[in-house]
Amino acid sequence: MDRVLSGMRPTGPLHLGHWLGALENWVRLQETHECFFMVADLHALMGEYENPADIRKNSVEMIVDWIACGINPSNIFIQSEISEHAELALMLGMLTPLGWLERNPTYKEQLREIQGRDLTTYGFLGYPVLQAADILLYKANKVPVGEDQLAHLELTREIIRRFRHLYKSSLFPEPEALLTKASKILGTDRRKMSKSYGNAINLSDSEQAIKKKIQSMITDPARIKASDPGHPDSCNVFSYYSMFSRDLVHDVRDWCTNAKKGCTDCKKNFSDVMVDFLRPVQKKREEIRDSMKDGTRYNVALKMLVGAGQQRAEKVAKGTMSEVKKILNMNQWIHEN
Ligand code: TRP
């Protein structure tokens, strides 16, 4: 069976862009693939090393969001607690030419997200090597990612080929990207939806917050009075309708092009659509929260939420690591009898 591995950095609340750009796809993959979904907290440390205090809290919140969206807890694990990730990354680093790292990944996106921080670090350069270790430890052959991650995946394949060539070993399959169509959703201000732009609708937003955010959205700028006919195809609110309420799209187009409803009403109506869409996720969120006896103690919460997934991942990672060590002539003699 194909094995899937993917990861997300726990850097803040998840929003609609995460749902459309990744989670929706992950949930579906669980039905046909063996899946591992990783909380990439070591990768988060790359940007948050000056202030790591929130990483654990964000990890728990992200896991709650994942489960609320339909990710099976036994498919979830936390990267930093399986030390094989760090160990394999170190070893792969030994055989990864510096040139591959310097030329390969397109960091622009991350650089934009991680403004105001010094990223001239070894960890930043080595970020894709750690990502390769994530994928290799599980011998994943399918990696669902967005387009921005394709360069990292290509580097993973190059590392695998080098490993195969150097050690005459076909331990690792070459992973294939399962490209998630770039989520077309824009933020409420029409820029890319992102936490750092403050234009995101979060999966955990309250009803009031959702209403306020939607009411602030700019509609068709050419439609000045409610009696003017509008142009839905240049309206961000209309594009939201088309993503979250297919059955209303026809009516909304009619309201707009025939000036039957003004933008304020149309947005009010969309707020209801959005609230309805998020209601089941939020209900599930509450249930999970209630089931965490002591939600403030994150480690306790984690054990309850994803203990089984963690163990499952750890077993696979340890198995692969011991194979790697054999290949590198570093097998653990101390435990042998
Ligand atoms: N780099 C990915 C991101 O920023 C997260 C990630 C870490 C990942 N390890 C991974 C994705 C392994 C896929 C496979 O989104």
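For the structure itself, consult the block above.
Calculation notes
Residues numbered from 1 in each chain as written. Predicted model: local features only at pLDDT ≥ 70, side-chain atom pairs only at ≥ 80, totals over all residues. Heavy atoms only, no water. Helix = DSSP H or I, 4+ residues; strand = E, 2+ residues; numbered from the N terminus. Rg over C-alpha atoms; globule rule 2.2 N^0.38 Å. Buried < 20%, exposed > 50% of the residue type's maximum accessible area, 1.4 Å probe, protein only. Contact = heavy atoms within 4.5 Å. Lys, Arg positive; Asp, Glu negative; His and termini not counted. Charge placed at Lys NZ, Arg CZ, Asp CG, Glu CD. Expected span 1.5 Å × (residues − 1). Bend = angle between axes of the 7 residues up to and from the residue. Near = heavy atom within 4 Å. Polar contact = N/O pair within 3.5 Å; in protein donor to acceptor, adjacent residues only side chain to side chain. Areas by Shrake-Rupley, 256 points an atom, 1.4 Å probe, with all protein chains shown as cover. Nonpolar A, V, L, I, M, F, W, Y, C, P; charged D, E, K, R; others polar. 1 Å grid on protein atoms, 1.4 Å probe; cavity = no way out; pocket = protein on both sides within 12 Å on 5 of 7 lines; lining within 4 Å. Points joined across faces, edges and corners; volume = space filled by probe spheres on them.

A. Representation of the overall build of the protein chain. In terms of helices and strands, the protein chain carries 13 helices and five strands. Computed over the C-alpha atoms, the radius of gyration of the protein chain is 22 Å, within 12% of the 20 Å expected from 2.2 N^0.38 for a compact globule of 337 residues. Its C-alpha atoms put the protein chain at 85 × 45 × 40 Å along the principal axes. Taken over 337 residues, the protein chain has a buried fraction of 48%. A fraction of 77% describes how many contacts in the protein chain between residues 6 or more apart in sequence connect residues 24 or more apart. The distance from the centre of the 46 positive side-chain charges to the centre of the 43 negative ones in the protein chain is 1 Å.

B. Molecular detail of helix α13 (residues 298-327). An ideal rise of 1.5 Å per residue puts 44 Å on 30 residues; α13 reaches only 38 Å between its terminal C-alpha atoms. If you look at α13, its biggest bend is around 75°, right at Val-306. The first or second residue beyond α13 is Asn-329, which carries a positive phi of 60°.

C. The site of the ligand, seen in detail. Neighbouring residues of the ligand: 15 residues in total, closest Arg-9, Tyr-127, Gln-131, Asp-134 and Gln-149. Asp-134 has a polar side-chain atom sitting 2.7 Å from a nitrogen atom of the ligand. Separating a nitrogen atom of the ligand from a side-chain N or O atom of Gln-149 is a distance of 3.0 Å. In the complex, 92% of the free accessible area of the ligand, which totals 370 Å², lies under the protein chains. Residue assignment for the shell around the ligand shows that the elements contributing at least two residues are β1 (3-8), α7 (122-137) and β4 (142-145). Per-element accounting of the shell around the ligand gives the leading share, four residues, to α7. A breakdown of the residues in the shell around the ligand according to their chemical character gives seven nonpolar, six polar and two charged.

D. Empty space enclosed by the protein, seen in detail. Under the defined criterion, the tally for this structure stands at one cavity of 30 Å³ or more. Lining the largest cavity are 14 residues, with Arg-223, Cys-235, Cys-256, Cys-263 and Cys-266 sitting closest to its centre. Secondary structure elements with two or more residues in the lining of the largest cavity: α10 (236-244), α11 (249-257) and α12 (263-291). Sort the elements by how many residues they give to the lining of the largest cavity and α11 lands first, with three residues. Looking at side-chain class alone, the lining of the largest cavity contains nine nonpolar, two polar and three charged residues.

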